[in-house]
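# Overview (structure and organization)
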Number of protein chains: 2
Amino acid sequence: MTDNDNNKIPTQPVTIQDIAQIADVSIATVSRYLHGHLNRMSAETADRIARIIKENNYVPNKVAQNLKQKTSSTIGIMVANIDDSFSIELYKGAEECLFKLGYELVLINSKGDAKRENQLINDMRNRQLAGLLVQPVQNKLADFKVLSDLGLPTMLLDRHLDEHHWPVIESNNEAISRDLGQMIIDKGYEEVIIVTETVAATTSHQQRAKGICEIVEAAGLITHIIEVDENHFDGEAVHTQIGQLTNHRQIKTALIALNEPLLIQLVGLKIRKNVKYPQQMGIVGYADTPMINILDPDLTLVRQQPIEIGRRAAQMLVAEIRNEEVAEDSVIINAEIIAGNSL
Amino acid sequence: MTDNDNNKIPTQPVTIQDIAQIADVSIATVSRYLHGHLNRMSAETADRIARIIKENNYVPNKVAQNLKQKTSSTIGIMVANIDDSFSIELYKGAEECLFKLGYELVLINSKGDAKRENQLINDMRNRQLAGLLVQPVQNKLADFKVLSDLGLPTMLLDRHLDEHHWPVIESNNEAISRDLGQMIIDKGYEEVIIVTETVAATTSHQQRAKGICEIVEAAGLITHIIEVDENHFDGEAVHTQIGQLTNHRQIKTALIALNEPLLIQLVGLKIRKNVKYPQQMGIVGYADTPMINILDPDLTLVRQQPIEIGRRAAQMLVAEIRNEEVAEDSVIINAEIIAGNSL
DNA sequence: TTGTAGGCGTTATCAT
DNA sequence: ATGATAACGCCTACAA
């Protein structure tokens, strides 16, 4: 190769200045070229600039652009539990959409801890984000002062607050749970045991429990709720508790896990204790990893569309960031019941 | 409250200018304050600035800082498979370390696709990253021109390339696999079936297979390798294949999954086919989620330390970014064998 | 069609 | 102890 510039080791960044100089035009012209204002210059100029940009491998400095335009290309997504594949799927949906549009996605994990959630949001203050996607741990707007003070375009994922303030993209939790309740009734169950997290502050779980209980209790079934600490699941204790609730009477019982980590625990319990379903007991849960079906293809599941939730939220967020007219406010993405043989 | 400035709706960002003006000093002084050069100003000035910063809720604009300092506070982490919890753990380790130090972590998923990997790296060019953590899909430095051309501080995670170019933080794959091989020999197995991905371009898997085979074949055991497409796992086919390799002869066989997704598949198969271990067949795999043990607490596993790998890589990356003396080059993080009852 | 110049918010050098 | 001021790389009226 005749021109040996290409072989320079970590060649230090080329700027719009350099390009302008080499092309013998002003930076304004180069800038215009970069922004596609080709009608504001001669064809030759455009060609020359194009060539020189390519030759010099120039790419504009996004930090400078951001400073000038008072925006940033970074969007934050705060999930409640990075170990729950639901959260990862939210991320995947959002990322897929945002990366294409030139944004980077910064993933933050609140670990289901409200204090940490607020702390992290506060840390975001000087991070110059363009917007925020939040799967909130808290459910009271009043507690979210840090977030509202941020004044950033924000979308809520999967859960909502007591007051409307930001658009929410979530599943039809209550409705699908009523469907599930009806299904349980139709299959002749007489008793329902719901396994949920101790601190069921999340609206998604509240709505699920509500939907199921309303329908099922109206039909005269007995309902129990077992609250467990997801991070310190005690299989034996839960097994005992379930036994106490059911064994003594000969009643047809359905066991419901309100999220995937809990369902995995229950399935593990079932495998270990060698429980036969649906003969001994029906099992169903809210879960989204394909993995769970690998382990047990027979499982009846409530499947949401976390990827779609993430995607929609991302679209809406970008629309708001760009100040385009926001056609829709909150959005419901329907979940569905995947019928297996476990219920 | 008497001062009603605090009640303004999305108050637009306060700048160092504003602070200087209110405090009746120059921005230089404010800047000095911000950087802790308190000895370069009077105590009263410092106090006043401190108060005004607090009152006005000022926080410096990181984009401007980055532009000025020609750095950014964003670090990219490209993982091979976001659906493999190993990758998520890498992220967690890195994030935990980096967030504290004031960096944001952008998560990118190459999906095990070399072409996509190069594409994504190329997209990173104008993103002004401070550094990059990469769990590479490719294993040839020559194919990684995009990455080396980036000229960014980079650390490789979990896998290395044919030539040394960047520091690597990885497990002691070959050694731990030899240990595993020895364990299999000691337990009296006569045959080994290794289940691995079709395109085992990743050095981690190569080393695992190598370590096992070397030891085991030296001891006269028979070894088979079943290559599967992780994304299109055909349980029946694999089951048949295993059957063909074993059923006809009465031989004590150990089944080894070289990563977690594959192990989950095998465990699912085992559960469905109701295989008893270790009587009928031994099972062991490389896996890191606690989840797998929830489903089957008896599993013998090779457990790596992905969080530690991520953490170390992050530390080293930051050291390089800051041009501190890098004490160490590549690093090995030891894996260990968790003895269960499945082997 | 093209160029000039001011400014985005900070940092840091050089004065005073 | 403090203040001007020139960058950093880019965008964009406003001129020409």
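Since the model is a prediction, treat every value here as computed from it, not as a measurement.

On to the domain arrangement of chain A. Residue and element names in this part refer to chain A. Assigned domains within chain A: domain 1 (3-59), domain 2 (69-169 + 307-332) and domain 3 (173-305). Once you take the C-alpha centre of each, domain 2 and domain 3 turn out to be 29 Å apart. Here domain 2 and domain 3 share an interface that buries about 1100 Å² over both sides, 45% of which is from carbon and sulfur atoms. When residues of domain 2 are sorted by the area they lose upon contact with domain 3, Phe86, Arg159 and His160 head the list and together hold 34% of the total.

Right, let's get into the environment of Asp47(B). Along the chain, the position of Asp47(B) falls in helix H3 (residues 43-55). Judged by relative accessible area, Asp47(B) falls into the exposed class, the value being 54%.

Once that is clear, we can look at the pairing of strand E10 (residues 300-303) of chain B. The side chains of a regular strand alternate, first on one face of the sheet and then on the other. Residue and element names in this part refer to chain B. Relative to E10, strand E9 (residues 282-286) runs parallel, the two being bridged by three bridges. For Gly285, the partnering residue across the bridge sits in E10 and is Leu301. What joins E9 to E10 is helix H12 (residues 290-295), and the crossover it makes is right-handed. The pairing of E10 with strand E12 (residues 336-338) spans three bridges and is antiparallel. Note that in E12 the partner of Leu301 across the bridge is Ile338.

At the junction of the two partners, chain A supplies 42 residues and chain B supplies 41 residues. Summed over both sides, the interface between chain A and chain B buries roughly 4100 Å², with carbon and sulfur atoms accounting for 66% of that surface. Contact with chain B buries surface across chain A, with Phe99(A), Arg127(A) and Leu295(A) losing the most and accounting together for 16% of the total. Our count for the contact surface shared by chain A and chain B stands at two salt bridges. In this structure, the salt-bridge partner of Lys92(A) is Asp83(B), at a minimum N-O distance of 2.8 Å.

Grouped together as the largest cluster of nonpolar side chains are 54 residues, with contacts concentrated most on Ile77(A), Leu98(A), Leu133(A), Ile77(B), Leu98(B) and Leu133(B). Excluding anything up to four places from it in sequence, Ile77(B) contacts Leu90(B), Tyr91(B), Ala94(B), Leu105(B), Val106(B), Leu107(B), Ile108(B), Leu133(B) and Leu157(B).

Residue and element names in this part refer to chain A. Burial of the side chains of strand E4 (residues 154-157) extends over both faces: Thr154 and Leu156 are buried on one face and Met155 and Leu157 on the other. Since strand E3 (residues 131-134) and E4 lie parallel, the crossover through helix H7 (residues 145-150) that links them has a hand, and here it is right-handed. When E4 meets strand E5 (residues 168-171), the two strands line up parallel, connected through two bridges. When the bridges of E5 are listed, Leu156 appears paired with Val168.

To continue, consider the sheet that holds strand E7 (residues 222-228) of chain B. Residue and element names in this part refer to chain B. Across the sheet, six strands lie side by side as E7-E6-E8-E9-E10-E12; this open sheet has mixed pairing. A single partner strand is all that each edge strand has here, and the edge strands are E7 and E12. Between one strand axis and the next, the sheet turns through 20° on average, direction left out of account. Running at roughly 155° to E9, helix H11 (residues 260-273) makes contact with strand E6 (191-197), E7, strand E8 (253-257), E9 and E10 of the sheet.

The next thing to look at is the protein's contact with DNA strand C. Around DNA strand C there are 27 residues in total, and Ser26(A), Arg32(A), Ser42(A), Thr45(A) and Ile16(B) lie nearest to it. Considering the 4 Å shell around the protein, atoms of DNA strand C inside it are sugar or phosphate in 65% of instances. Ser31(B) places a side-chain nitrogen or oxygen 3.3 Å from a phosphate oxygen of DNA strand C. In the environment of DNA strand C, a phosphate oxygen lies 2.8 Å from a nitrogen or oxygen atom belonging to the backbone of Asn61(B). If you list the elements that add at least two residues to the surface near DNA strand C, you get helix H2 (27-34) and helix H4 (62-69) of chain A together with helix H2 (27-34) and helix H4 (62-69) of chain B. When residues of the surface near DNA strand C are assigned to their parent elements, the largest contribution, four residues, is made by H4(B). Grouping the amino acids of the surface near DNA strand C by side-chain chemistry returns ten nonpolar, eleven polar and six charged.

So, about empty space enclosed by the protein. Tallied over the full model, the rule gives three cavities of 30 Å³ or more. Of the volumes computed, that of the largest cavity is approximately 200 Å³. Taken together, 19 residues form the lining of the largest cavity, with Val63(A), Asn66(A), Thr74(A), Asn66(B) and Thr74(B) sitting closest to its centre. Broken down by secondary-structure element, the contributors of at least two residues to the lining of the largest cavity are H4 of chain A together with H4 of chain B. Along the lines of polarity and charge, the residues of the lining of the largest cavity split into three nonpolar, ten polar and six charged.

Attention shifts here to the protein's contact with DNA strand D. Taken together, 29 residues sit near DNA strand D, with Ile16(A), Ser26(B), Arg32(B), Ser42(B) and Lys68(B) positioned nearest. Of all atoms in DNA strand D that approach within 4 Å of the protein, 61% are sugar or phosphate atoms. Within the backbone of Ile16(A), a nitrogen or oxygen atom sits 2.5 Å from a phosphate oxygen of DNA strand D. At a separation of 2.3 Å, a base oxygen of DNA strand D approaches a polar side-chain atom of Arg32(B). At the level of elements, H2 and H4 of chain A together with H2 and H4 of chain B are the ones that each hand at least two residues to the surface near DNA strand D. Here the surface near DNA strand D is built from residues that sort into eleven nonpolar, eleven polar and seven charged.

Another aspect to go through is the confidence of the model for chain A. Averaged over all residues, the pLDDT of chain A is 90; the fraction at 70 or higher stands at 94%. Considering only residues more than four positions removed or in separate chains, one finds that residues 1-9 of chain A, a stretch of pLDDT under 50, has two contacts.

Further remarks concern the relation of the copies chain A and chain B. Mapping chain A onto chain B calls for a rotation angle of 180° and an axial translation of 0.0 Å; the resulting RMSD is 0.1 Å. Overall, the copies show the geometry of a two-fold rotation axis. Within chain A, the C-alpha atom positioned nearest to the axis of rotation is that of Val106(A), 2.4 Å from it.

Calculation rules
- Residues numbered from 1 in each chain as written.
- Chains lettered and ligands numbered in written order.
- Predicted model: local features only at pLDDT ≥ 70, side-chain atom pairs only at ≥ 80, totals over all residues.
- Heavy atoms only, no water.
- Domains from an automatic or database assignment.
- Buried area = accessible area lost by both parts, 1.4 Å probe.
- Helix = DSSP H or I, 4+ residues; strand = E, 2+ residues; numbered from the N terminus.
- Buried < 20%, exposed > 50% of the residue type's maximum accessible area, 1.4 Å probe, protein only.
- Pairing = 2+ DSSP bridges.
- Right-handed = clockwise from strand over helix to strand, strands pointing away.
- Contact = heavy atoms within 4.5 Å.
- Salt bridge = Lys/Arg side-chain N within 4 Å of Asp/Glu carboxyl O.
- Core = buried A, V, L, I, M, F, W, Y, C linked by side-chain atoms within 4.5 Å.
- Axes fitted to C-alpha atoms, helices over the stretch in contact; angles between N-to-C directions.
- Near = heavy atom within 4 Å.
- Polar contact = N/O pair within 3.5 Å; in protein donor to acceptor, adjacent residues only side chain to side chain.
- Nonpolar A, V, L, I, M, F, W, Y, C, P; charged D, E, K, R; others polar.
- 1 Å grid on protein atoms, 1.4 Å probe; cavity = no way out; pocket = protein on both sides within 12 Å on 5 of 7 lines; lining within 4 Å.
- Points joined across faces, edges and corners; volume = space filled by probe spheres on them.
- pLDDT = per-residue confidence, 0-100.
- Least-squares fit on C-alpha atoms with pLDDT ≥ 70 in both.

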